[in-house]
Amino acid sequence: MPLLQSLLAASNFRNPFLRNLVPSVGLAFSIQAAVAVPSILGGSERFYDLSGSLTYLSCTALSLYLPALRARTAAALAGQPKPAWPSLINALRGTGGPYGFNWRQVFLSAAVGFWASRLGAYLFTRILSDGEDSRFRDIRNSPPKFAVAFFAQATWVSLCLLPVLAINSLPASTFAALGGAISISDLVGILLYIGGISFEVTADRQKSKWSQEKKEKKHDEDFLTRGLWSKSRHPNYFGESTLWTGIATMSAGVLASKAGVAGMGLASGMAGKAIALVTAGISPAFVTLLLFKVSGIPLSEEKYDKKYGDRADYREWKRETPMFFPKL
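Residues numbered from 1 in each chain as written. Predicted model: local features only at pLDDT ≥ 70, side-chain atom pairs only at ≥ 80, totals over all residues. Heavy atoms only, no water.

### Description of the overall build of the protein
Applicable threshold: Under the scheme used here, helices are H or I runs from DSSP no shorter than 4 residues and strands are E runs no shorter than 2 residues, and both carry numbers assigned from the N terminus. Atoms counted for the radius of gyration: C-alpha only. Globule rule: 2.2 Å times the number of residues to the power 0.38. Burial classes: relative accessible area under 20% of the type maximum marks a residue as buried, over 50% as exposed, and values in between as partly exposed (1.4 Å probe, protein chains only). Whether two residues are in contact is decided by their heavy atoms, any of which lying within 4.5 Å being enough. All accessible areas in this document rest on Shrake-Rupley with a 1.4 Å probe, and a residue is counted as covered only by the protein chains that are shown. His is not counted, nor are the chain ends, whereas Lys and Arg count as positive and Asp and Glu as negative. Here the site of a charge means atom NZ of a Lys, CZ of an Arg, CG of an Asp or CD of a Glu.
A count of helical and extended segments in the protein gives 14 helices and zero strands. For the protein, the α and β elements follow one another from N to C terminus as α-α-α-α-α-α-α-α-α-α-α-α-α-α. A globule of 328 residues ought to have a C-alpha radius of gyration of about 20 Å, and the protein, at 22 Å, matches this closely. For the protein, the spread of C-alpha atoms along the principal axes amounts to about 70 × 45 × 35 Å. Evaluated residue by residue, the protein yields a buried proportion of 44% over its 328 residues. When contacts within the protein are restricted to residue pairs at least 6 apart in sequence, those whose partners lie at least 24 apart make up 77%. About 16500 Å² of surface is accessible on the protein, with carbon and sulfur atoms providing 64% of the total. Side chains of the protein give 35 positive and 22 negative charges; the mean places of these two sets differ by 10 Å.

Right, here's the structure in full:
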């Protein structure tokens with residue numbers, strides 16, 4: 001308990017956004033460091049992606065419950081009755097109380113939780129089946145390079161979660177000022193998320209089925225050109241970018257509002273609204289940048305170009321299939 005009190009006191013900034021952001025980011029880097037040490041010593045990337053998903057889940061949960069944890073700790077120190085833990089049912093009823101959840105916080109946190117759980121399970125199953133991840137073939141035996149990969153993953157989690165961390169840091173008074181009605185940004189954000197996650201899940205399942213059928217010698221295709229993979233060369237990445245755009249859109253509608261800007265502890269006016277919009281928008285911008293310039297599309301395109309670049313059927317598929325945005 002003294003350690004918890006010390007950590008809460010050290011991060012008890014006046015700005016509510018920083019009160020949630022700093023501990024959550026600290027947790028992200030702590031988890032990645034804890035997984036990095038045995039992974040580097042063992043020269044294995046087996047738990048890399050799984051640890052990323054667990055970090056998403058842990059940081060989201062911490063940001064959601066941290067305001068209530070602070071209130072309960074402060075009450076205990078003052079010898080007063082502790083407020084109850086937030087109830088999900090009360091959040092849906094709109095009766096969460098001063099430390100309860102708003103339905104938007106619940107939806108966004110659940111959206112991240114579903115995405116992280118599904119992707120983590122998918123990637124962990126895949127590496128158990130394949131035995132390795134080709135991305136780490138050249139760095140797993142270099143401790144400095146391998147450590148950078150875990151540091152990069154902690155940074156990735158922190159930036160992607162930024163709009164959700166901001167939403168979870170807002171006081172109940174912010175959501176009370178917004179009212180209970182679903183706004184246009186809520187609706188658009190929800191639809192983008194559902195569309196994006198559906199696209200990603202479908203693309204991953206089609207590829208898994210294709211890979212399994214290849215192992216069972218049901219076909220002799222060297223690259224997948226059916227289903228969503230006939231509409232886009234990287235439909236899973238398109239879905240990924242779209243779902244984070246949905247999360248950012250829903251978050252921006254709250255954060256950039258007058259109540260949201262005040263709830264983040266920012267000055268009113270264009271400057272405060274701009275900071276709020278950047279807080280929401282940095283997530284899909286960073287994800288899309290990674291997919292286009294770092295670890296997504298470039299690595300995949302280079303890999304397949306080297307293998308099949310001299311084949312007419314591959315060049316035809318590449319010429320007729322958009323790289324990212326699906327064709328109708």
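### Topic: the UniProt feature "transmembrane region" (unreviewed entry) in the protein
To be explicit about the condition: UniProt positions are given in the numbering used here, feature names are shortened, and annotations may be inferred rather than shown by experiment.
Taken from the UniProt record, the annotation "transmembrane region" (unreviewed entry) applies to residues 21-41, 106-125, 146-167, 173-199 and 274-292. Structurally, residues 274-292 comprises 100% helix and 0% strand, and the distance from its first C-alpha atom to its last is 25 Å.

### What to know about the domain arrangement of the protein
To be explicit about the condition: As used throughout, domain bounds are those supplied by an automatic or database domain assignment. Two parts lose some accessible area (1.4 Å probe) when they are put together, and adding that loss for both gives the buried area. Here, a salt bridge means any side-chain nitrogen of Lys or Arg that lies within 4 Å of a carboxyl oxygen of Asp or Glu.
One can read the domain layout of the protein as domain 1 (1-173) and domain 2 (182-327). For domain 1 and domain 2, the distance between their C-alpha centroids amounts to 22 Å. Listed by partner, the interface residues are 29 residues for domain 1 and 31 residues for domain 2. A buried area of about 2600 Å², summed over both sides, lies between domain 1 and domain 2, and 73% of it is on carbon and sulfur atoms. Viewed at the interface, domain 2 and domain 1 are joined by three salt bridges. Residue assignment for the side of domain 1 that touches domain 2 shows that the elements contributing at least two residues are α2 (16-42), α5 (103-130), α6 (143-160) and α7 (162-169). A per-element tally of the side of domain 1 that touches domain 2 places α5 first, with 13 residues.

### Points about unusual backbone geometry
Most peptide bonds take the trans configuration, and most residues that are not glycine carry a negative phi. A positive phi angle, near 60°, is found at Lys 217, a position not held by glycine. By secondary structure assignment, the location of Lys 217 is in the loop between α9 (184-215) and α10 (235-255).

### What to know about the side chain of Ser 241
Among the structural elements, Ser 241 can be located in helix α10. Taking the relative accessible area as the measure of exposure, Ser 241 reaches 9% and is therefore buried. Once residues within four sequence positions are removed from consideration, Ser 241 is found in contact with Val 287, Thr 288, Leu 291 and Phe 324.

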